[in-house]
Amino acid sequence: MKIKNTQQKILTIIFFCFLLPFFSFSTKQDIPDFRIKTIVIDAGHGGEDGATRGALAREKDVALQVALKLGKKIESEMKDVKVIYTRKTDVFVKLYERIAIANENNADLFISIHCNSMPRRAGNERVSGTETFVSGFHRLGEQDVAMRENASMLLEENYEENYDFDPSDPESYIIFSLMKNQYRDQSIRLATLVQEQFATSGRNNRGVKEQGLAVLARAGMPAILTEIGFISNPAEERYMTSAAGQAEIVENLTNAIKAYKNQIER
């Protein structure tokens, strides 16, 4: 009986300790206002990881161009925000290092920029539009994007140790369903705003989707991966590689970040 009572007391203490962070013992005035101070911008792929390309350009180059322009615009128009890049040149950065940069710098947002692509098959060149992803898990038949993006980890040494994950095995995506993301709602909100902004420019809105993307899985902040268009579509490729097209994409992303910032800051 004494042992049982001791066990109950221990469980009670553990339960109380778990709940403690959710209680506030200070007045509302004592709680500091939340501000978005740091944004990490990730240009997808890079270096030896750059096979995806269209007729004119490579995804890794377009992603880097847009990422650098986005960071410059944020710094120009949002003076209170610090921008950190996962890469500024054509280098390969391991997936787990990308999100680690954000975690180590206590970033408030993580935005990964990519170009979508379809296999070279009749009719696929007409597929167009933007879509933005948040960390999650869906049916195996919907994992095409995740499979392509996560394949980058095969270029890393000891990727099994870094991720405990085999990107060639669909069953491994179950792991991602078990990884909690406390910022899921905020990620979806930001992703939705990004898609809405793209739509204002007449882009085909393919929606917000959840996928088991390794680059987002361990994010300690709201994190999204946005596909700014299909590099396999000749018209979209010309748009994404043009100065006017990139300026519009950057404007859309900046407006979405500003709208998100206004919604959550208090």
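An account of the accompanying structure is given in this report.

Rules behind the numbers
Residues numbered from 1 in each chain as written. Predicted model: local features only at pLDDT ≥ 70, side-chain atom pairs only at ≥ 80, totals over all residues. Heavy atoms only, no water. Helix = DSSP H or I, 4+ residues; strand = E, 2+ residues; numbered from the N terminus. Buried < 20%, exposed > 50% of the residue type's maximum accessible area, 1.4 Å probe, protein only. Contact = heavy atoms within 4.5 Å. Areas by Shrake-Rupley, 256 points an atom, 1.4 Å probe, with all protein chains shown as cover. Axes fitted to C-alpha atoms, helices over the stretch in contact; angles between N-to-C directions. Parallel < 35°, antiparallel > 145°, perpendicular 65-115°, else oblique. Left-handed = near helix turned anticlockwise from the far one by under 90°. Nonpolar A, V, L, I, M, F, W, Y, C, P; charged D, E, K, R; others polar. Arc of directions from axis to C-beta. Polar contact = N/O pair within 3.5 Å; in protein donor to acceptor, adjacent residues only side chain to side chain. Expected span 1.5 Å × (residues − 1). Pairing = 2+ DSSP bridges. Phe/Tyr/Trp six-rings, centres within 6.5 Å; stacked < 30°, edge-to-face > 60°. Lys NZ or Arg CZ within 6 Å of the ring centre and 35° of its normal.

### Regarding the overall build of the protein chain
Okay, so step 1: On a plain count of helices and strands, the protein chain comes out with 10 helices and six strands.
Okay, so step 2: Within the protein chain, the proportion of its 266 residues that are buried is 47%.
Okay, so step 3: Taking all contacts inside the protein chain whose residues are at least 6 apart in sequence as the whole, residues at least 24 apart take part in 80%.
Okay, so step 4: Surface accessibility of the protein chain: about 14,000 Å² in total, with carbon and sulfur atoms responsible for 54%.

### Remarks on the packing of helix α7 (residues 184-200) against helix α10 (residues 243-264)
Okay, so step 1: Put simply, α7 and α10 touch, their axes get as near as 8 Å, and they point 140 degrees apart. Taken as axis vectors, α7 and α10 run oblique relative to one another. Judged by the twist between their axes, the crossing of α7 over α10 is right-handed. Residue-level inspection shows Gln 186, Arg 189, Leu 190, Leu 193, Val 194, Gln 197, Phe 198 and Thr 200 of α7 in contact with α10, the latter providing Ile 249, Asn 252, Leu 253, Asn 255, Ala 256, Ile 257, Ala 259, Tyr 260, Gln 263 and Ile 264.
Okay, so step 2: Here the contact of α7 with α10 is built from residues that sort into 11 nonpolar, six polar and one charged.

### Topic: helix α9 (residues 234-241)
Okay, so step 1: Among the residues making up α9, those that are buried are Glu 236, Glu 237, Tyr 239 and Met 240. Angular distribution of buried residues about the axis of α9 spans 160 degrees; they occupy a single face of the element.
Okay, so step 2: Of the surrounding elements, those touching the buried residues of α9 are α2 (59-77), β3 (109-116), β6 (223-230) and α10.
Okay, so step 3: Where α9 starts, the residue carrying a side-chain oxygen 2.9 Å from the main-chain nitrogen of Ala 235 turns out to be Asn 233.

### Describing α2
Okay, so step 1: The terminal C-alpha atoms of α2 lie 27 Å apart, and with 19 residues this matches the ideal 27 Å at 1.5 Å per residue to within 8%.
Okay, so step 2: For α2, the full list of buried residues reads Glu 59, Lys 60, Val 62, Ala 63, Leu 64, Val 66, Ala 67, Leu 70, Gly 71, Lys 73 and Ile 74.

### Examining the packing of α2 against α10
Okay, so step 1: Running from N to C, α2 and α10 cross one another at 50 degrees; their axes reach a closest spacing of 9 Å. Considering the angle they form, α2 stands oblique to α10. Of the two elements, α2 crosses α10, and the hand of that crossing is right-handed. Counted together, Val 62, Gln 65, Val 66, Lys 69, Leu 70, Lys 73, Ile 74 and Glu 77 of α2 and Gln 246, Ile 249, Val 250, Glu 251, Leu 253, Thr 254, Ile 257 and Lys 258 of α10 form the full contact between these two elements.
Okay, so step 2: In terms of residue class, the contact of α2 with α10 is built from eight nonpolar, three polar and five charged.

### Side note on the side chain of Thr 86
Okay, so step 1: Turning to its location among the elements, Thr 86 is positioned in the loop between β2 (82-85) and α3 (95-104).
Okay, so step 2: A relative accessible area of 8% means that Thr 86 is categorised as buried.
Okay, so step 3: Side-chain polar atoms of Thr 86 contact the side chain of Asp 42, separated by 2.6 Å.
Okay, so step 4: Among residues more than four places away in sequence, those in contact with Thr 86 are Val 40, Ile 41, Asp 42, Ala 43, Val 93, Arg 98, Ile 101 and Phe 110.

### Describing unusual backbone geometry
For residues besides glycine, phi is generally negative; the peptide bonds are generally trans as well.
Okay, so step 1: Although it is not a glycine, His 45 sits at a positive phi angle of roughly 65 degrees.
Okay, so step 2: Following the sequence through the fold, His 45 ends up in the loop between β1 (38-43) and α2.
Okay, so step 3: A residue is classified by how much of its surface remains accessible, and His 45, at 6% relative accessible area, is buried.

### Some thoughts on the pairing of β2
Okay, so step 1: The sheet contact formed by β1 and β2 spans four bridges and is parallel. Bridging across to β2, Val 40 finds its partner in Ile 84.

### A short note on the environment of Val 194
Okay, so step 1: Note that Val 194 resides in helix α7.
Okay, so step 2: Between the C-alpha atoms of Val 194 and Glu 131, which are 63 residues apart in sequence, the distance is 8.9 Å.
Okay, so step 3: Not counting residues up to four positions away in its chain, the partners in contact with Val 194 are Thr 132, Ile 224, Thr 226, Leu 253 and Ala 256.

### As for the packing of aromatic side chains
Okay, so step 1: Counting across every chain of the model gives zero aromatic pairs.
Okay, so step 2: Arg 203 extends its terminal NZ or CZ atom over the ring of Phe 198, reaching a point 6.0 Å from the ring centre.

### What about the side chain of Glu 227?
Okay, so step 1: Examined against the element boundaries, Glu 227 turns out to sit in strand β6.
Okay, so step 2: At 3.0 Å, the side chain of Glu 227 and the backbone nitrogen of Asn 116 are in polar contact.

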